[in-house]
Amino acid sequence: MLAVFLLFSPSFTKDKKATKITFDEKAAWTYIRDMSTDEMRGRQSGQPSGVMGEEYVASKFKEWGLEPAGDDGTYFQNFTIEHRHVAEGVKFEIITARERRDFYYGDSWRIQRYSGSGHFSAEIVFAGYGIHAPEKKYDDYAGVDVKGKVVMFATGSPQKLAKELGDAANTEKKIEAAQKLGALGIIAFQPSPGTGRFYGIGVRKEQYDPDFVILSIESHVTDFIFKDLKTETSYLFSEIDGKGEPQSFATGVRAFVSINSIFDEKRATRNVLARITGSDKKLKDEYVVIGGHMDHLGVSPMGDVYNGANDNASGTAVAMEIARVMKLNNAKPKRTVVFAGWAGEEQGLLGSRYYAEHSPSIEKTIAYINMDMVGHGSGNVPFRGEYYGPHIWELLEKKLPKEIMEYVKPGRGGPGGSDHSPFLQKGVPAFAIMTEGHHFKYHRPGDDIDLIKPEILKRVGDLVYAAVQILASEPGDFIEPMRQEAYYLKYEDLTNFKFEPLAHVVKAHGDAKDSHVDLQVAVVEEKEELSGAELRADIINNLFDLPERMKKAKGLSLYAPNRSISMNSRQGKTTVMLGLKGVDSFRDNPKWAKILVEQGLHFAVVEDSSFLFGDGGLSEEGKTFIPAVNSSGLLLLFKGLAAAQTKVLLEESKKPMVFLERKLPDKEILELIKEKEFVLGLILGADEDPAAYFKKLNDAKEAIGSRYLMIVNENCLWGSTGKDQMLKVISEMVKEKYESMDFFYLFSSTFTGVLRRAGS
Ligand SMILES: [Zn+2]
């Protein structure tokens, strides 16, 4: 190792006369080496090993003279994380009358989330499903004493009694019972083996007790516990399931357990931040941020160290080396450049999220570049994020040197997987770099320094260094208005409810690439003078050349229930869903609805529906029409119904429908919508004030939840009027802290969901 060390020693004093020092991959390699030694213990945030990693990065920034950019003039940004940790050196043995066997962690048993610590040898009590519900006349604890013992119980509940027992069979209640009755811990197992390994039993953090262990075992351990007993689990469970009677007993078998497992809701940890303050009077208040996560997985319960050389000492090291070289070159960027080492990435992007949500500079950050796993690969360097920051990519594409552009592979990008995500969600154009090719020993012991290729570090370093210089010094305004709103518009699947004829959709948007409209509803053309059989024939005629028309439209893809809209979006295509305007084509013979559905039509918008209603209920025609449509799978969207008519449909239709409304229906109707799983499409009028609209939307959401509610725009979302109006609605949603799930439903999923329910 020494020879290698000397060979790759950084050349800090290299060629003093040269005007510019370039990115030194050998130097970067040494930081990775230092961060991935066994002494670093895998840099787990919240552990002493994490602190070591943080101190290392900060000490280098200090050594090189970078300005601190953390709290109170330090390099550290302090925050707390929810932290779970199992210390190495765990032990689990089963002691029967005849022998004692040690079981291997991971393969044979696991420590469940929110388990506490325990060091004991105690008898195992078999307690069926572990259900304690005497008030419901079922108690797996009746007649057995579990105080000071370990309870062994199966996941699930007796099938026969599932209904009666209700939530008494929840894991939560089972654990509560074992704790209350004085057990030292529980061992969960699966009653019928082969239902999957490494299962989680769903413990909640409120149940954490530092002295109560929660373990799960694989079927061969269960078999070993029962080896010398004169009974077996298959028999016991056939009795329990068959007769509904508990079969609990003290086994006489003992478990030896030794584990240190903690859960801390507020464990201190730190991001490491340094900067070079911008030289331009105005632009210095704008930021370019580069970084990667310093933390990794620590040490396994069995004592294996996860060194994380590639994941992600590599990305951290490249950011560090760029900082060092910029400082040495006495760089004077116009904007402020921030160098970040994130903590808590492996525990859920916690450090970068904290930064994105708590650093005021985020509003003035023009771009973020993330590096995660950049230590080996084929040599190509993907640079993902083009779709979310096209103006940033445009600039880089123009200005990056040719020799760098040769190996850079731009990509659409988007949130997920690493620390660029929280930046994107704040509207900051964020790019993710992970080198192309196979990443060896991902999240395994063995992700070590000897797998790191300096020439790959060099490619990434040259790219990011050049990009930072361009971004930090290019004059101009790169902070787009409403960029956080624009992120949601782009990321979430959005439906354009402007019901345009298909020919218009193909003509106007056929060549669209990467539109923010993900789902476009379109109606098949109808000749106004036709109705009944003639109109049907004409519609079906129109559908004949549909494949041909769609093929010509490169930016469009026809809706198919088994193909996700986002899949099309990621390929730059808008999904088109075809339907009917009105029901004239099958009103005379409603059985035709089914045929039309088979031809690829999914919905009909009904504006004139008076024919459906009679005295206080459905008309005679309605009584045949509604059941026929129900069984066809066609979704009806009603416009302009009176409250009484809405109620009739809610009561009479067996399948869900959509009510398109400008005003909020009364409480009774809202309750029925939710109960019957119908949908309210709240119309966003062409001239409507977005804030006023949001108030209605929010009231509706409170009443029925976002699953039965959708935003129905009147303005076309391809045009700037519709888009601006929608951005303002999104702005209100962001202010009200709507979650990703809410966007998901209100924009498209409520609609595709009700469509599926109508067709099932
Ligand atoms: Zn990583």
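Source: prediction; values computed, not measured. (Residues numbered from 1 in each chain as written. Predicted model: local features only at pLDDT ≥ 70, side-chain atom pairs only at ≥ 80, totals over all residues. Heavy atoms only, no water.)

Visitor: Quick rundown of the overall build of the chain? Include the residues and the values.
Guide: Assigned secondary structure in the chain consists of 25 helices and 30 strands. With the C-alpha coordinates aligned to their principal axes, the bounding extent of the chain is approximately 90 × 80 × 45 Å. Counting the 760 residues in the chain, one finds 56% classified as buried. Residue pairs at least 24 apart in sequence account for 78% of intrachain contacts in the chain once pairs closer than 6 positions are excluded. Here the chain has roughly 33,000 Å² of accessible surface; of this, 49% comes from carbon and sulfur atoms. Positive and negative charge centroids in the chain, built from 97 and 108 side chains respectively, lie 3 Å apart. (Helix = DSSP H or I, 4+ residues; strand = E, 2+ residues; numbered from the N terminus. Buried < 20%, exposed > 50% of the residue type's maximum accessible area, 1.4 Å probe, protein only. Contact = heavy atoms within 4.5 Å. Areas by Shrake-Rupley, 256 points an atom, 1.4 Å probe, with all protein chains shown as cover. Lys, Arg positive; Asp, Glu negative; His and termini not counted. Charge placed at Lys NZ, Arg CZ, Asp CG, Glu CD.)

Visitor: Any chance you could break down the coordination of the zinc ion for me, citing the residues and the numbers?
Guide: Within the first shell, the zinc ion binds the protein through His 293 (NE2), Asp 311 (OD), Asp 372 (OD) and Asp 372 (OD), at distances of 2.0 to 2.6 Å. Seen from the zinc ion, its 4 donor atoms lie at angles of 52 to 147°, and the figure they make is irregular. Written as a sequence motif, the donor arrangement for the zinc ion is H-x17-D-x60-D. Taken as a pair, His 293 in strand E14 (residues 287–293) and Asp 311 in helix H8 (residues 309–328) lie far apart in primary sequence, 18 residues in all. Of the two residues, His 293 and Asp 311, both sit in the buried class. (Donors = N, O, S within 2.8 Å, 3.2 Å for Na, K, Ca; no water. Tetrahedral: all angles 85-135°; square planar, octahedral: opposite > 155°, others 65-115°.)

Visitor: Pulling in residues and values, what's your account of unusual backbone geometry?
Guide: Residue Asn 312 follows Asp 311 across a cis peptide bond; omega there is -5°. Here Asn 312 is to be found in helix H8. Its identity is not glycine, yet Arg 43 carries a phi of approximately 45°, on the positive side. Looking at the element boundaries, Arg 43 is found in the loop between helix H2 (25–35) and helix H3 (48–64).

Visitor: Run through the packing of H3 against H8, naming residues and quoting values.
Guide: The interhelical angle for the contact between H3 and H8, taken along N-to-C directions, is 10°, at an axis separation of 10 Å. The orientation of H3 with respect to H8, classified from their angle, is roughly parallel. On H8, the residues touching Tyr 56, Val 57, Lys 60, Phe 61 and Trp 64 of H3 are Thr 316, Met 320, Ala 323, Arg 324 and Lys 327. Taken together, the residues of the contact of H3 with H8 break down into 6 nonpolar, 1 polar and 3 charged. (Axes fitted to C-alpha atoms, helices over the stretch in contact; angles between N-to-C directions. Parallel < 35°, antiparallel > 145°, perpendicular 65-115°, else oblique. Nonpolar A, V, L, I, M, F, W, Y, C, P; charged D, E, K, R; others polar.)

Visitor: Any chance you could break down the sheet that holds strand E3 (residues 91–95) for me, citing the residues and the numbers?
Guide: An order of E4-E3-E12-E6-E9-E10-E11-E5 is seen for the 8 strands of this open sheet, with the pairing classed as mixed. Both outer strands of the open sheet, strand E4 (100–102) and strand E5 (109–111), are each paired with one neighbouring strand and no more. Averaged over all adjacent pairs, the angle separating strand axes in this sheet is 30°, with direction ignored. (Pairing = 2+ DSSP bridges.)

Visitor: Account for the confidence of the model for the chain, with residues named and values stated.
Guide: Put simply, the chain has an average pLDDT of 93, and 97% of its residues get 70 or more. Between residues 1–18, whose pLDDT stays under 50, and residues either more than four places distant or in other chains, the model counts 17 contacts. (pLDDT = per-residue confidence, 0-100.)

Visitor: Now, about helix H16 (residues 532–544): what can you tell me, with residues and values included?
Guide: Under the 1.5 Å per step criterion, the end-to-end length of H16 is 19 Å for 13 residues, consistent within 8% with the ideal 18 Å. Within H16, burial applies to Gly 532, Leu 535, Arg 536, Asp 538, Ile 539, Ile 540 and Leu 543. In this structure, the buried residues of H16 make contact with helix H17 (546–552), strand E23 (574–581) and helix H19 (592–598). (Expected span 1.5 Å × (residues − 1).)

Visitor: Just give me the short version of the pattern of salt bridges, but keep the residues and values in it.
Guide: Scanning all chains against the criterion turns up 35 salt bridges. Residues Asp 228 and Arg 98 are paired through a salt bridge, measuring 3.7 Å at the closest nitrogen-oxygen approach. With Asp 228 in the loop between helix H6 (219–226) and helix H7 (233–243) and Arg 98 in the loop between E3 and E4, this pair connects stretches of sequence that are 130 residues apart. Using a relative accessible area of 22% as the deciding quantity, one classes Asp 228 as partly exposed. According to the relative accessible area criterion, Arg 98 is exposed, its value standing at 68%. Each of the salt bridges in this network shares a partner with another, and the network as a whole consists of Lys 91, Glu 93, Arg 100 and Asp 102. (Salt bridge = Lys/Arg side-chain N within 4 Å of Asp/Glu carboxyl O.)

Visitor: Any details on the packing of aromatic side chains? Residues and values, ideally.
Guide: Here a ring pair, both rings aromatic, is described through the centre-centre distance and the interplanar angle of the planes. Throughout the structure, instances matching the rule amount to 37 aromatic pairs. When the ring of Phe 79 is compared with that of Tyr 354, the centres are 4.9 Å apart and the planes differ by 15°; the resulting orientation is stacked. One end of the pair, Phe 79, is in strand E2 (residues 76–86); the other, Tyr 354, is in helix H9 (residues 350–358), and 275 residues separate them in sequence. Residue classification places Tyr 354 among the partly exposed positions, given a relative accessible area of 24%. A connected cluster of aromatic rings, assembled from ring pairs, spans Tyr 387, Tyr 388, Tyr 487, Tyr 488, Tyr 491, Phe 743 and Phe 747. Across the ring face of Tyr 387, the terminal group of Lys 490 is positioned such that the distance to the ring centre comes to 5.2 Å. Over the ring of Phe 611 we find Arg 587; its NZ or CZ atom is 4.0 Å from the centre of that ring. (Phe/Tyr/Trp six-rings, centres within 6.5 Å; stacked < 30°, edge-to-face > 60°. Lys NZ or Arg CZ within 6 Å of the ring centre and 35° of its normal.)

Visitor: I'd like a description of the side chain of Thr 222, backed by residues and values.
Guide: Relative to the elements of secondary structure, Thr 222 occurs in helix H6. Given a relative accessible area of 6%, Thr 222 falls into the buried group. Look past the residues within four positions of Thr 222 in its chain and what remains in contact with it is Met 152, Phe 189, Ile 217 and Thr 233.

Visitor: Run through the pairing of strand E15 (residues 336–342), naming residues and quoting values.
Guide: Side-chain positions along a regular strand alternate between the two faces of the sheet. The buried count for E15 comes to 7 of 7 residues, which makes it a mostly enclosed element. Residue alternation in E15 divides its side chains into two sets, Thr 336, Val 338, Ala 340 and Trp 342 and Val 337, Phe 339 and Gly 341, and both sets are buried. Relative to E15, strand E13 (residues 261–276) is paired through 5 bridges, and the arrangement is antiparallel. Paired with Ile 276 across the bridge in E15 is Val 337. As paired elements, E14 and E15 share 7 bridges and run parallel to each other. Looking at E15, one finds that Val 289 is bridged to Val 338. Once the chain exits E14 it traverses H8 before rejoining the sheet at E15, and the crossover so formed is right-handed. (Right-handed = clockwise from strand over helix to strand, strands pointing away.)

Visitor: Requested: an account of the pairing of E3, with residues and values cited.
Guide: In terms of burial, E3 is a largely internal element, 4 of the 5 residues being buried. Note: E3 against strand E12 (residues 249–259), 5 bridges, orientation antiparallel. Looking at the pairing, Glu 93 lines up with Phe 256 of E12. Pairing of E3 with E4, which is carried by 3 bridges, proceeds in the antiparallel orientation. In the strand pairing of E4, Glu 93 is matched with Asp 102. Taking the residues between adjacent antiparallel strands as the criterion, E3 and E4 are bridged by 4 residues.

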